[in-house]
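Overview (structure and organization)
In case you want the letters, here they are:
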Amino acid sequence: DSGVTQTPKHLITATGQRVTLRCSPRSGDLSVYWYQQSLDQGLQFLIQYYNGEERAKGNILERFSAQQFPDLHSELNLSSLELGDSALYFCASSVGQGPMNTEAFFGQGTRLTVV
Amino acid sequence: GENVEQHPSTLSVQEGDSAVIKCTYSDSASNYFPWYKQELGKGPQLIIDIRSNVGEKKDQRIAVTLNKTAKHFSLHITETQPEDSAVYFCAARQLNSGGSNYKLTFGKGTLLTVNP
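Nothing here was measured: the structure is a model prediction, and the numbers come from that model.

1. Let's talk about the overall build of chain A
- The secondary structure content of chain A amounts to 0 helices and 11 strands.
- What you see in chain A, going N to C, is helices and strands ordered as β-β-β-β-β-β-β-β-β-β-β.
- Whereas a compact globule of 115 residues would reach a radius of gyration of roughly 13 Å, chain A reaches 13 Å, a difference of no more than 12%.
- Its C-alpha atoms put chain A at 40 × 30 × 30 Å along the principal axes.
- Counting only residues that meet the buried cut, chain A has 52% of its 115 residues in that class.
- Relative to all contacts within chain A whose residues are 6 or more apart in sequence, the contacts with residues 24 or more apart total 55%.
- With an accessible surface of roughly 5,300 Å², chain A has 48% of that area assigned to carbon and sulfur atoms.
- Separation of charge centres in chain A, based on 8 positive and 11 negative side chains, amounts to 3 Å.

Encoded structure:
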């Protein structure tokens with residue numbers, strides 16, 4: 001068990017809908033990272049938060065947004081869903097925000113299926 | 001941006017044999033190279049990493065080598081066991097102090113199967 005908790009494990013929704021994925025980092029970790037994993041694109045970095053503030057942005061679509069709350073849990077919001085958004089979404093955490101910190105701990109992921 | 005190529009995409013070995021997975025990167029500014037293991041139904045797990053000021057690092061049956069000039073790095077697993085069967089990912093990052101451009105860029109993964 002990595003200590004990073006993601007809910008829900010599975011999500012099936014229709015095109016055009018909006019969903020929220022939740023991540024609780026390991027105790028003491030202040031940074032949260034979101035990744036998307038699909039067969040064709042592999043693992044793609046989406047966004048990072050540190051102690052409530054956005055720190056780095058990757059290949060995140062404008063339809064997607066995220067935030068980190070005062071209790072350090074994070075939510076990834078996906079809206080106007082398309083079939084191509086079907087993927088595994090992973091959250092990872094680390095203690096700090098700087099380049100010497102590594103996403104060593106990933107959650108088990110949320111499998112999103114858009115139908 | 002950074003591009004990481006990983007080979008082979010699948011690798012099948014007999015228990016006890018060695019396995020080698022190779023990655024190349026494009027951005028010479030990258031200086032941190034972690035390897036992850038992902039088992040079915042689980043998230044990636046960091047198994048070993050290497051920074052560019054080191055040419056080789058070993059942890060029990062796992063070792064990683066880095067050739068900065070050629071911009072490639074490799075994962076070596078010796079005395080493989082069935083529980084080593086998983087998908088392995090390499091990644092690269094710039095450890096630029098103070099910068100935010102240090103996202104991890106992953107290879108596409110290698111499915112390793114260790115046959116008993």
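2. Re the overall build of chain B
- Scanning chain B from N- to C-terminus turns up 0 helices and 11 strands.
- Each helix and strand of chain B, ordered N terminal to C terminal, gives the series β-β-β-β-β-β-β-β-β-β-β.
- Based on the C-alpha atoms only, the size of chain B along its principal axes is roughly 45 × 30 × 20 Å.
- Classification of the 116 residues of chain B by burial places 46% in the buried group.
- Pairs at least 24 apart in sequence give 55% of the contacts found in chain B among residues at least 6 apart.
- A total of about 5,700 Å² of accessible surface is found on chain B, and carbon and sulfur atoms cover 46% of it.
- In chain B, which carries 12 positive and 12 negative side-chain charges, the distance between the mean positions of the two groups comes to 8 Å.

3. Quick look at the nonpolar core
- B:Trp35, B:Phe73, B:Leu75, B:Tyr88 and B:Leu112 are the most contacted members of the largest nonpolar core, which has 24 residues in total.
- If we ignore the near neighbours within four places in the chain, the residues touching B:Leu75 are B:Ala19, B:Val20, B:Ile21, B:Trp35, B:Ile47, B:Ile48, B:Ile62, B:Ala63 and B:Tyr88.
- Of all hydrophobic cores here, the second largest spans 20 residues; its members include A:Tyr49, A:Leu76, A:Cys91 and A:Leu112.

4. Side note on the sheet that holds strand β3 (residues 19–24) of chain A
All names here are of chain A.
- The antiparallel open sheet is built from 4 strands, whose spatial order is β1-β3-β8-β7. If you trace the sheet from one side to the other, it starts and ends with β1 (5–7) and β7 (64–68), each paired once. Across this sheet, the average inter-strand angle for adjacent strands is 15°, counted without regard to direction.

5. A look at the side chain of A:Ser38
All names here are of chain A.
- When you line up the elements, Ser38 lands in strand β4 (residues 31–38).
- For Ser38, a relative accessible area of 16% gives the class buried.
- For Ser38, the side chain forms a polar contact with the side chain of Asp40, separated by 2.9 Å.
- There is a polar contact of 3.2 Å between the side chain of Ser38 and the backbone nitrogen of Gln41.

Analysis parameters
Residues numbered from 1 in each chain as written. Chains lettered and ligands numbered in written order. Predicted model: local features only at pLDDT ≥ 70, side-chain atom pairs only at ≥ 80, totals over all residues. Heavy atoms only, no water. Helix = DSSP H or I, 4+ residues; strand = E, 2+ residues; numbered from the N terminus. Rg over C-alpha atoms; globule rule 2.2 N^0.38 Å. Buried < 20%, exposed > 50% of the residue type's maximum accessible area, 1.4 Å probe, protein only. Contact = heavy atoms within 4.5 Å. Areas by Shrake-Rupley, 256 points an atom, 1.4 Å probe, with all protein chains shown as cover. Lys, Arg positive; Asp, Glu negative; His and termini not counted. Charge placed at Lys NZ, Arg CZ, Asp CG, Glu CD. Core = buried A, V, L, I, M, F, W, Y, C linked by side-chain atoms within 4.5 Å. Pairing = 2+ DSSP bridges. Axes fitted to C-alpha atoms, helices over the stretch in contact; angles between N-to-C directions. Polar contact = N/O pair within 3.5 Å; in protein donor to acceptor, adjacent residues only side chain to side chain.

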